[in-house]
Amino acid sequence: MVEPLNITILAKKGGVGKSTTSILLYEVLRQAGKTVALKDWDAQGTSSKALEFIHGQRPETVANPDIVIWDTPPSLDHTATATAVRSANIALAITTPAPADLWEAEEAVQFVRQRNAKAIVRVVFNEFKKSTVLGRLVEESAKHISVPFLPVMLNSRECYKHAVVQGWKALDNGAREEALQFALALLSLT
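Residues numbered from 1 in each chain as written. Predicted model: local features only at pLDDT ≥ 70, side-chain atom pairs only at ≥ 80, totals over all residues. Heavy atoms only, no water.

### Some thoughts on the packing of helix α2 (residues 46–55) against helix α7 (residues 158–166)
At step 1: Look at α2 against α7: their axes get within 6 Å of each other, and the N-to-C directions meet at 70 degrees. One finds that α2 runs roughly perpendicular with respect to α7. Between α2, through T46, A50, F53 and I54, and α7, the contact on the second element is made entirely by A163, V164, V165 and Q166.
At step 2: Residues of the contact of α2 with α7, tallied by class, amount to six nonpolar, two polar and no charged. (Axes fitted to C-alpha atoms, helices over the stretch in contact; angles between N-to-C directions. Helix = DSSP H or I, 4+ residues; strand = E, 2+ residues; numbered from the N terminus. Parallel < 35°, antiparallel > 145°, perpendicular 65-115°, else oblique. Contact = heavy atoms within 4.5 Å. Nonpolar A, V, L, I, M, F, W, Y, C, P; charged D, E, K, R; others polar.)

Structure follows, in structure tokens:
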């Protein structure tokens, strides 16, 4: 039996888009024909609730999935976060371009490095707006983080918010293309 690719989504704080990123990744990988399991360990249960809305029922347990996505609590102190990180082949520290969020992303990166030296770690910029000062400075700001950022950033798109209850069908063509590019950039790490 082939072991699944384990992707852990983490952040030290809430509100940076862990669950939305988890759901987008789940949906785009399914569209690409992969069998995917999403493990929602966040107490809010956003990912689980979203999949229930999207598919009209509780998601079925996938036997032998190709990929497992771990949506973790907004805390580096939680046992679930540490467990998901230890299981990770890839760990994604989710952040926005805001300076305070970037500082927290570096803490998440160090958390992964201390608990799973074999995991590939990347920072993912979410809620990216190229036309803002923070958006224009994102590459400069990212130099203060000790790992590379994933080259595909998730733009601030209203349809991503709708994808939490409608899944893939909520995405316009630009969002679908961005989500596919995001998944390709992620999978190219392995």
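Picking up where we left off.
### Quick notes on the packing of aromatic side chains
At step 1: Per the stated rule, a full pass over the model turns up two aromatic pairs.
At step 2: Their ring planes at 70 degrees and their centres at 4.7 Å tell us that W41 and W70 sit as a pair that is edge-to-face. Note that W41 is positioned in the loop between β2 (36–40) and α2 and W70 in strand β3 (residues 67–71), a separation of 29 residues in sequence.
At step 3: On the basis of an interplanar angle of 75 degrees and a centroid distance of 5.5 Å, the ring pair of F125 and F149 is categorised as edge-to-face. Residue F125 is found in strand β5 (residues 120–125), and its partner F149 is found in the loop between α6 (138–142) and α7; the two are separated by 24 residues along the sequence. (Phe/Tyr/Trp six-rings, centres within 6.5 Å; stacked < 30°, edge-to-face > 60°.)

### Some details on the sheet that holds strand β1 (residues 5–10)
At step 1: The strand order β2-β3-β1-β4-β5 describes an open sheet built from five strands, whose pairing is parallel. Each of the sheet's edge strands pairs with one partner strand only, and the pair in question is β2 and β5. Across the sheet, the mean angle from the axis of one strand to that of its neighbour is 20 degrees, orientation sign disregarded.
At step 2: Its contacts with the sheet place α2 against β2 and β3, and it is angled at close to 135 degrees to β2. (Pairing = 2+ DSSP bridges.)

### Details of the pairing of β1
At step 1: Within β1, six of the six residues are buried, which leaves the element mostly enclosed by the surrounding structure.
At step 2: Side chains of β1 alternate between two faces, with L5, I7 and I9 and N6, T8 and L10 buried alike.
At step 3: Looking at chain direction, β1 and β3 are connected through five bridges and run parallel. When the bridges of β3 are listed, T8 appears paired with W70. (Buried < 20%, exposed > 50% of the residue type's maximum accessible area, 1.4 Å probe, protein only.)

### Some remarks on the pattern of salt bridges
At step 1: Taken as a whole and assessed by the stated rule, the structure comprises nine salt bridges.
At step 2: Here E178 makes a salt bridge to R157, at a shortest N to O gap of 3.3 Å. Taken together, the residues E178 in helix α8 (residues 173–187) and R157 in the loop between α6 and α7 connect sequence positions 21 residues apart.
At step 3: Residue R157 is classed as partly exposed on the basis of its relative accessible area of 24%.
At step 4: Salt bridges sharing partners connect three or more residues here, namely K12, E104 and E107. (Salt bridge = Lys/Arg side-chain N within 4 Å of Asp/Glu carboxyl O.)

### Topic: the confidence of the model for the protein chain
Caution applies to low-pLDDT regions: their predicted coordinates should not be interpreted in detail.
At step 1: On average, residues of the protein chain score 91 in pLDDT, and 96% of them reach the 70 mark or higher.
At step 2: Considering each helix and strand of the protein chain separately, the mean pLDDT is smallest for helix α5 (residues 133–136), with a value of 70, and largest for β1, with 98. (pLDDT = per-residue confidence, 0-100.)

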